[in-house]
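Residue-level structure breakdown
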Number of protein chains: 2
Amino acid sequence: MTHYKAPLRDMEFVLNDLLDFPSHYAAMPNGADATPETVTAILEEAGKFAENVLAPLNAVGDSEGCQWNDGKVTTPSGFKEAYAQYVDGGWPALSHDPAYGGQGLPHSLSTVMSELINTANWAWGMYPGLSHGAMNTLSEHGTEEQKQTYLTKLISGQWTGTMCLTEPHCGTDLGMLRTKAEPQADGTYRISGTKIFISAGDHDMAENIVHIVLARLPDAPAGTKGISLFIVPKFRVRADGSCGEANHVSCGSLEHKMGIHGNATCVLNFDGAEGFLIGPENRGLNCMFTFMNSARIGTALQGLAHAEWGFQHSLAYARERLQMRSLSGPKNPDGPADPIIVHADVRRMLMTQKVFAEGHRMLLYFTAKLLDITHHGSEEERKRAEGRLALLTPIAKAFMTETGFESANLGLQCFGGHGYIREWGMEQNVRDSRISTIYEGTTGIQALDLLGRKVLGSQGALLKDFLEEAGAEVQALAGNPAVAQWVPLVGKLAMELGEMTKQIGAKAMANPDEVGAASVDYLMYSGYVVQAYLWLKAAAVAAEKADADESGFYKAKLASANFYFSKILPRTRALKTTIEAGAEPLFALDESAFAYL
Amino acid sequence: MTHYKAPLRDMEFVLNDLLDFPSHYAAMPNGADATPETVTAILEEAGKFAENVLAPLNAVGDSEGCQWNDGKVTTPSGFKEAYAQYVDGGWPALSHDPAYGGQGLPHSLSTVMSELINTANWAWGMYPGLSHGAMNTLSEHGTEEQKQTYLTKLISGQWTGTMCLTEPHCGTDLGMLRTKAEPQADGTYRISGTKIFISAGDHDMAENIVHIVLARLPDAPAGTKGISLFIVPKFRVRADGSCGEANHVSCGSLEHKMGIHGNATCVLNFDGAEGFLIGPENRGLNCMFTFMNSARIGTALQGLAHAEWGFQHSLAYARERLQMRSLSGPKNPDGPADPIIVHADVRRMLMTQKVFAEGHRMLLYFTAKLLDITHHGSEEERKRAEGRLALLTPIAKAFMTETGFESANLGLQCFGGHGYIREWGMEQNVRDSRISTIYEGTTGIQALDLLGRKVLGSQGALLKDFLEEAGAEVQALAGNPAVAQWVPLVGKLAMELGEMTKQIGAKAMANPDEVGAASVDYLMYSGYVVQAYLWLKAAAVAAEKADADESGFYKAKLASANFYFSKILPRTRALKTTIEAGAEPLFALDESAFAYL
């Protein structure tokens, strides 16, 4: 039932035509090996693995789920073998430090590659995905010994990693966390507490698991300033690097979730487990924030993944399923009915999925490129890229996942009643997608981060900087007849965004709740505008190449841009009005008056 | 984990304050017994049954699902016993004909009562719900003998019923259906074919099941004009009315669905089953259409059900869950954090669910009242109510279920990661809700029905009539200081709707696909406007009573109206723009150019 195909043509459009990754890589200290030919070869190879190995396991993972028996977690059939292939192919090492066994290719290439892995099978992709979180922590904050012991094994893929943050009483509000770390005479710590919602928290795919755990030292300050980071391996590591006895950390149960059944979401009990401090005491949250952007962009990818998966499958179905006649006359007169792709509303659902999948790809790669620069650019380039990324990360995470979920639902809807049945996989796509607006910071949290911390927190500087640069690029296209019709619209929206920001800032002086009241609508508005900017650039590039292209690819890109501007971007009209309505309608009711039951 | 409470206070507001059901019932030939006291007593009793018996079975139904073994279907634990209680209580008979054992109360009362049943446990409520479809068919088209044999047993609840329409290759496009009916010498028919997606198609709750089956007679005309209706009982009925030998109809399997697991969705194989023609030959679809409005309103209710269920549960959670501090300063300074209901965005999610639940209740009861009039009014009243109902039914069905699904998702979102876990029931609410925009005609089909058949098909007359009457009511409120601020807005939107309709009609002359291109946005726009009209009337009534009411109920109603006008109604701004963008952006792409894979 799986038809996933690696969308290499569109990926190359974004990489080469739109964002000029060849020049970007050529300018990077670690980019010399990432020639266009190498990039293509890598993506083709990853595409085959995604299509042939991972995609067929997607439904298996959902129907079998992970099993927990006598404290041991077993992953669905085929998951372990696929992981072995992944490790054999050297994929975990792609973008990591050669000093610890990595291939040293640019970080963005790993992101682009992971689009393929994660679209084919999101639940499976989370196992190596979580390892990247642990690897980034170790790379940035680990001692040389910790890197040699743990990072090398994570980079080879021999071990996997997790991030252990959430506890039963706190997810968003990590300042409340209670897990304890007691220092021992030998310099280690005893970690005790319960962590929940730990993705890839236990499994049978690798010989050891490196947990990165947030915990409190004795007498640590209350709140977020008293949290430290610890390495807690599932099995203790011997001096020769091999796995020794089990540590005192165990999987207490698996969560029964709506979706992503193939990934083990664990309750982990730490019962005096041996741990090792990583980074400075009480600076754990700060350490985590250094790679929060990267983690959030990894989750933003989920919006792309489910939009692309749903689009491909509903497109195939819409071309085959015969039902009713076109309103403008039969299009398949010799058949019993027309394929449903002839119907305007089915096209609306397909095109919506399509422009979100393609728009999300543009935004994802755009942020991945910025992330490269934050690692390897000149000091000035880094600073600028960091600011840009700080602004775009919450937008990418929340906007892409919200519209990714919308897209997954449109994909299901194209199937009618058959979409509600398990066999077609469309309802799994919806269920798997649903978590994406929640974990790694909910949409509401991303929106507060964007409007409160990033935009207003920088006195508007981060936004102004972006709007100026993007605005100049937009205005430069005003003379291009292929796209000139959309330039005033995009320009107007960008100006509106600036004005609304000032208004909210002014209102927030009197009432801080104005920030929260506007935040989600503001984030969504920003998302539509950022993608409009990318669609405009994409259309300009496509227009240039359309005539010489017999495949029709670039003409289709122009048609997609037209759909985006005509049928998606108008959503900003509603958001502007609701933003301006402010906080009053939200706070008029007393808590006690919400319901009379 | 269940907290469902019958929302009797708000139900009474809609019945008594807003829609004046007491006068409505007093004027009806069968309304004399439906005094306000009786109505209240009935709803209180149904509320207790819903809260105490059905609500606790909602999660059970989801986790156990229905089982199919050796051709027999077993419903989840407790379902059968609950159904026996329901029958003992005489609930199936509430609004049916006393000549066949019914209690003869107005049809709308059954709809209002079923809000309670179906919100508490949608999957369970579908069993008696489908029976109503069969009962309506028999009431309107059955012979006296058929009524005595089947209708009496359905009204008593001793048997249940189904509607067998869909086949594997056709759902929307019933003209393609293939099930055959071969006439026999004794006047019966042999029915052969496969039906799928048959809700409540087989189960262990009642001793017999009366299937109403669409099938083709030999030599019937092709398409929708060659379909006839048949009664096919699961067990043949003896002359004395008792159940005899099994008929040749069997459940081939149960569908594995995303949700509503407690309801048995069956593949039914008819293998020369004995059937009885109901209604005239080849007029089966017409017969079905006579109660299509009632069936669609029954599904519209699902939008209300999941919005109300999600709202009640997320409200309870938001009052208890402590996480982060209010942006405007601690509201629970002695606790470790504030309850999340203090956060603006949580309030946005709660209020959105609330105004959809309450708005859907208003629209549901409004259509139920019209349905009463189509049965019992004077000829002129009937005709007017039929026109109004024809217009409002597709709006109610699609608008309420689309926004009901949105609400269910917001309810889940309020729980953060806990919403994604089965134990809280929020993800079940989303999964159960997801079918509602599909069955009984998808949103796309409802939208074509509204814009193509009802609005343009009547040359705009049905819409004009409604807008004139509602418009006069709206304008009459212009002098009411409590609601005057919203009158120009609602008036403007109603005028816009009329203008857009003319524009679409004009464009459709040149290109019929313009109808399909505008249809869903047009339907959603209409939904927001119809609910704005109801919220305006609700606000006016509430304003009148607010001062004398110490409970604060009416003040809360005004605040809810304000939220609806400020934060929900602006969605029309986006829809207007996308409607005006027309069909071109949808048809610019060749079918072959949708993807380059």
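Structure's up top.
Residues numbered from 1 in each chain as written. Chains lettered and ligands numbered in written order. Predicted model: local features only at pLDDT ≥ 70, side-chain atom pairs only at ≥ 80, totals over all residues. Heavy atoms only, no water.

As for the interface of chain B and chain A
- Each partner contributes residues to the interface: chain B has 101 residues there, and chain A has 102 residues.
- Here chain B meets chain A over a buried area of about 8700 Å², counting both sides, of which 64% is carbon and sulfur.
- Per-residue buried area on chain B facing chain A is highest for Y420(B), F594(B) and Y596(B); these three make up 10% of the total on that side.
- Summed over the shared surface of chain B and chain A, the number is 48 residue pairs in polar contact (both at pLDDT 80 or more).
- Considered class by class, the residues forming the side of chain B that touches chain A number 49 nonpolar, 29 polar and 23 charged. (Contact = heavy atoms within 4.5 Å. Buried area = accessible area lost by both parts, 1.4 Å probe. Polar contact = N/O pair within 3.5 Å; in protein donor to acceptor, adjacent residues only side chain to side chain. Nonpolar A, V, L, I, M, F, W, Y, C, P; charged D, E, K, R; others polar.)

A short note on the side chain of T443(B)
- When you line up the elements, T443(B) lands in helix α14 (residues 443-455).
- With relative accessibility at 3%, the residue T443(B) sits in the buried group.
- Among the polar contacts made by the side chain of T443(B), one reaches the side chain of E402(B) at a distance of 2.6 Å.
- Residue contacts for T443(B): discarding those within four places in its chain leaves Q413(A), A398(B), E402(B), T437(B) and V520(B). (Helix = DSSP H or I, 4+ residues; strand = E, 2+ residues; numbered from the N terminus. Buried < 20%, exposed > 50% of the residue type's maximum accessible area, 1.4 Å probe, protein only.)

Description of the pairing of strand β3 (residues 159-164) of chain A
All names here are of chain A.
- The element β3 is largely enclosed, with a buried count of 6 among its 6 residues.
- Side chains W159, G161 and M163 of β3 all project onto a buried face; the interleaved residues T160, T162 and C164 project onto the opposite face, where all are buried too.
- For β3 and strand β6 (residues 208-215), the ladder comprises 6 bridges, and the chain directions are parallel. By the bridge assignment, G161 is partnered in β6 with V210. (Pairing = 2+ DSSP bridges.)

Here we look at the relation of the copies chain B and chain A
- Overlay of chain B on chain A (RMSD 0.0 Å): rotation 180°, translation along the axis 0.0 Å. Seen this way, the second copy is the image of the first under a two-fold rotation axis.
- The residues that chain B uses at the interface reappear at the interface of chain A in 100% of cases, marking a shared surface. (Least-squares fit on C-alpha atoms with pLDDT ≥ 70 in both.)

Points about the packing of helix α5 (residues 79-88) of chain B against helix α7 (residues 122-141) of chain B
Residue and element names in this part refer to chain B.
- At a minimum axis separation of 11 Å, α5 and α7 run at an interaxial angle of 50°. One element, α5, and the other, α7, form an angle in the oblique class. Between α5 and α7 the crossing geometry is right-handed. Every residue of α7 that contacts α5 at F79, A82, Y83 and Y86 is listed here: W124, Y127 and P128.
- Looking at the contact of α5 with α7 residue by residue, the class counts come to 7 nonpolar, no polar and no charged. (Axes fitted to C-alpha atoms, helices over the stretch in contact; angles between N-to-C directions. Parallel < 35°, antiparallel > 145°, perpendicular 65-115°, else oblique. Left-handed = near helix turned anticlockwise from the far one by under 90°.)

Here's the deal with the nonpolar core
- Counting residues in hydrophobic clusters, the biggest one holds 411 residues, and the most contacted among them are W124(A), F565(A), W124(B) and F565(B).
- The residues contacting W124(A), other than those within four sequence positions of it, are F49(A), L54(A), F79(A), A82(A), Y83(A), Y86(A), I117(A) and M205(A). (Core = buried A, V, L, I, M, F, W, Y, C linked by side-chain atoms within 4.5 Å.)

A word on the pattern of salt bridges
- Taken as a whole, this structure holds 58 salt bridges over all chains when the rule is applied.
- A salt bridge links R361(A) to E308(A); its shortest N-O distance comes to 3.0 Å. Placement of R361(A) in helix α11 (residues 344-376) and of E308(A) in helix α10 (residues 292-320) is noted, with a sequence separation of 53 residues between them.
- Accessibility expressed as a relative area gives 1% for R361(A), which makes it buried.
- The salt bridge involving D17(B) is made with K545(B); its shortest N-O contact spans 3.1 Å. Within this pair, whereas D17(B) is found in helix α1 (residues 8-18), its partner K545(B) is found in helix α17 (residues 513-546), the two being separated by 528 residues in sequence.
- On the accessibility criterion, D17(B) (19% relative accessible area) is buried.
- Salt bridges linked by common partners bring D10(A), E115(A), E308(A), K354(A), E358(A), R361(A) and K557(A) together as one network. (Salt bridge = Lys/Arg side-chain N within 4 Å of Asp/Glu carboxyl O.)

Things to note about helix α4 (residues 56-64) of chain A
All names here are of chain A.
- Considered for burial, the residues of α4 that qualify are L57, N58, G61 and D62. Buried residues along α4 cover an arc of 140° about the axis, so they all sit on one side.
- Just downstream of α4, G65 is the residue with a positive phi angle, here 65°. (Arc of directions from axis to C-beta.)

Section: the side chain of T111(B)
Residue and element names in this part refer to chain B.
- With respect to the helices and strands, the residue T111 is situated in helix α6 (residues 107-120).
- Overall, T111 belongs to the buried group, its relative accessible area being 11%.
- Among all residues touching T111, those that are not within four sequence positions of it are L364 and A368.

Regarding the environment of G444(A)
- In this fold, G444(A) is placed in helix α14 (residues 443-455).
- According to the relative accessible area criterion, G444(A) is buried, its value standing at 15%.
- Along the chain, G444(A) and D521(A) lie 77 residues apart, while their C-alpha atoms are 9.8 Å from each other.
- Here G444(A) is in contact with V520(A) and D345(B), once residues within four sequence places are set aside.

Remarks on helix α7 (residues 122-141) of chain A
Residues and elements named next belong to chain A.
- Compared with the 28 Å implied by 1.5 Å per residue over 20 residues, the 28 Å span of α7 between its first and last C-alpha is a close match.
- The sharpest bend along α7 comes to roughly 25°, located at P128.
- The element α7 is largely enclosed, with a buried count of 16 among its 20 residues. (Expected span 1.5 Å × (residues − 1). Bend = angle between axes of the 7 residues up to and from the residue.)

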